[in-house]
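# Structural description and commentary
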Amino acid sequence: MFHVKQDYIKIAPSILSADFTRLGEQVREAEKAGADYIHVDVMDGHYVPNITLGPLVTAAVRRSTTLTVDVHLMVEQPERYISAFAEAGADIITIHQEIAPHLHRQVAAIRDAGARAGVAINPGTPLATIEEVLPLLDLVLIMSVNPGFGGQSFIPSSTRKVRRLREMLDERGLHAEIEIDGGISPQTAAEVVAAGVRVLVAGSAIYGHGSVAENIRALRDAAKRGLAAGGA
């Protein structure tokens, strides 16, 4: 089996859990602490039962950091918003398989807008639904909670799903990053990294308590243990 060696884990703090009265400061704090991406969760109140951020906040994040701005669109008709988020400074734009009936076309639209393309799948969505677009993707986001709210508990079966996705990518010689979002903490990070995750999205585990720097360090230490266990 062809195996893509990836021995560095990226940390992507989700600003959904940040203090919005000092958003720029919290973004810069994460960057200084060694974060790799800033994750922006966009929810429209239709596809998921919550309303969050838009292009204006994304643009504010872009002005606050030199890191990769990683935008996750949990919205109906995502094709209507791709250009706006790309213009706001998104480096990666991820859309949901469940809401994109013309997935090839929408992935191409993300690329045409100048961003890297990602596809997310919910806990109950089979990996087979994205198999045909895997060669076109820069990132696959495995949701390890049902999307809509931060602070939810990790769904344990997500680890097996990550492992199957890692195998699918390796068998095809593909280099898409595997990202995971939902209930990620030092207690869950090691096992998903061992299974093949290379981008950890964490909100409350980074911004919910204590020092952002210490929380990122704890995630990084857990990720190192996962790499050692996974033999990367």
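Right above here is the structure, for reference.
Residues numbered from 1 in each chain as written. Predicted model: local features only at pLDDT ≥ 70, side-chain atom pairs only at ≥ 80, totals over all residues. Heavy atoms only, no water.

## Describing the overall build of the protein chain
Threshold: Helix and strand labels come from DSSP, where a helix needs a run of H or I of at least four residues and a strand needs a run of E of at least two; each type is numbered from the N terminus. Here the globule rule is a power law, 2.2 Å times the number of residues to the power 0.38, and the radius of gyration is based on C-alpha atoms. Only protein chains enter the accessibility calculation, which uses a 1.4 Å probe. A residue is then buried if its area is under 20% of the maximum for its type, exposed if over 50%, and partly exposed in between. The criterion used for residue contact is that any of the two residues' heavy atoms lie within 4.5 Å.
Secondary structure summary: the protein chain contains eight helices and eight strands in total. Over its C-alpha atoms the protein chain spans a radius of gyration of 16 Å, differing by no more than 12% from the 17 Å that the globule rule assigns to 232 residues. Its C-alpha atoms put the protein chain at 50 × 40 × 30 Å along the principal axes. A buried classification covers 55% of the 232 residues belonging to the protein chain. Counted over contacts in the protein chain with a minimum sequence separation of 6, partners at least 24 positions apart contribute 67%.

## Some thoughts on the sheet that holds strand β2 (residues 37-43)
Strand pairing within a sheet occurs via backbone hydrogen bonds; the two strands may be parallel or antiparallel. Just so we agree on the cut-off: Should DSSP find at least two bridges between two strands, the strands are taken to pair. Working convention: axes come from line fits to C-alpha atoms, limited for helices to the stretch in contact. Angles between N-to-C directions cover 0 to 180 degrees.
The strand order β1-β8-β7-β6-β5-β4-β3-β2 describes an open sheet built from eight strands, whose pairing is parallel. The sheet terminates laterally at β1 (10-13) and β2, the two strands that pair on one side only. Averaged over all pairs of adjacent strands, the angle between strand axes in this sheet comes to 25 degrees, irrespective of strand direction. Alignment of strand β5 (residues 116-121) against strand β6 (residues 139-143), held across four bridges, turns out to be parallel. Counterpart to I121 in the pairing with β6 is I142. Seen against the sheet, helix α4 (residues 103-112) touches β4 (92-96) and β5 and runs at an angle of roughly 140 degrees to β5. Set on the sheet, helix α5 (residues 158-172) makes contact with β5, β6 and β7 (177-181); between it and β7 the angle comes to about 170 degrees.

## Considering the nonpolar core
Stated formally: Residues belong to one nonpolar core when they are buried, are Ala, Val, Leu, Ile, Met, Phe, Trp, Tyr or Cys, and are joined through side-chain atoms within 4.5 Å.
Counting 65 residues, the largest nonpolar core has I15, I93, L134, I142, I180 and L200 as its most contacted members. Top contributing element to this core by residue count: helix α8 (residues 212-230), with six residues. Filtering out sequence-adjacent residues up to four positions away, I15 remains in contact with F20, L23, V27, I38, H39, V40, L53, V57, V61 and Y207. Formed by 10 residues, the second largest nonpolar core is a distinct cluster that contains A120, L139, V145 and V199.

## Considerations on the pattern of salt bridges
Defined as follows: Any Lys or Arg side-chain nitrogen located within 4 Å of an Asp or Glu carboxyl oxygen qualifies as a salt bridge.
If you walk through the whole model with that rule in mind, you get nine salt bridges. Residue R22 is joined to E25 by a salt bridge in which the shortest nitrogen-to-oxygen separation is 3.0 Å. Looking at R22, the relative accessible area reads 32%, which means it is partly exposed. Among the residues examined, E25 registers a relative accessible area of 41% and is labelled partly exposed. In the salt-bridge network here, residues are joined through shared partners; they are D19, R22 and E25.

## With respect to unusual backbone geometry
Positive phi values are uncommon outside glycine, yet Q77 reaches one of about 50 degrees. Following the sequence through the fold, Q77 ends up in the loop between β3 (68-74) and α3 (82-88). You can call Q77 partly exposed: its relative accessible area is 42%.

## Some remarks on the environment of M143
With respect to the secondary-structure elements, M143 resides in strand β6. Remark: the alpha-carbon pair of M143 and H209, spanning 66 residues in sequence, is separated by 23 Å. In this view, M143 contacts H72, H96, I121, N122, P123, S158 and D181; residues no more than four positions away in its chain are not counted.

## A word on the packing of α5 against helix α6 (residues 186-195)
Put simply, the test is: To sort the angles, those under 35 degrees are grouped as roughly parallel, those over 145 as roughly antiparallel, those from 65 to 115 as roughly perpendicular, and the leftovers as oblique. Rotating anticlockwise by less than a right angle from the far helix to the near helix defines a left-handed crossing, while the corresponding clockwise rotation defines a right-handed one. Any residue that is not Ala, Val, Leu, Ile, Met, Phe, Trp, Tyr, Cys, Pro, Asp, Glu, Lys or Arg is counted as polar, Gly included; the first ten are nonpolar and the last four charged.
Interhelical geometry of α5 versus α6 gives an angle of 25 degrees and a closest axis separation of 8 Å. By the angle between their axes, α5 is roughly parallel relative to α6. Taken as a pair, α5 and α6 cross one another with a handedness that is right-handed. Residue-level contacts link T159, V162, R163 and R166 of α5 to E191, V192 and A195 of α6. Across the contact of α5 with α6, the residue classes tally to three nonpolar, one polar and three charged.

## A word on α5
Using the following cut-off: To estimate the expected span of a helix, count its residues, drop one, and scale the result by 1.5 Å.
With 15 residues, α5 should cover 21 Å at 1.5 Å per step; its first-to-last C-alpha distance of 21 Å lies within 8% of that length. Along α5, the residues that are buried comprise S158, T159, K161, V162, L165, R166, M168, L169 and D170. Looking at the buried side of α5, the elements it contacts are β5, β6, β7 and α6. Following α5 by one or two positions, G173 has its phi on the positive side, about 65 degrees.

## Here's the deal with the pairing of β2
Taken across its seven residues, β2 has seven buried, putting it largely inside the fold. Going residue by residue along β2, you find Y37, H39, D41 and M43 tucked away on one face and I38, V40 and V42 tucked away on the opposite face as well.

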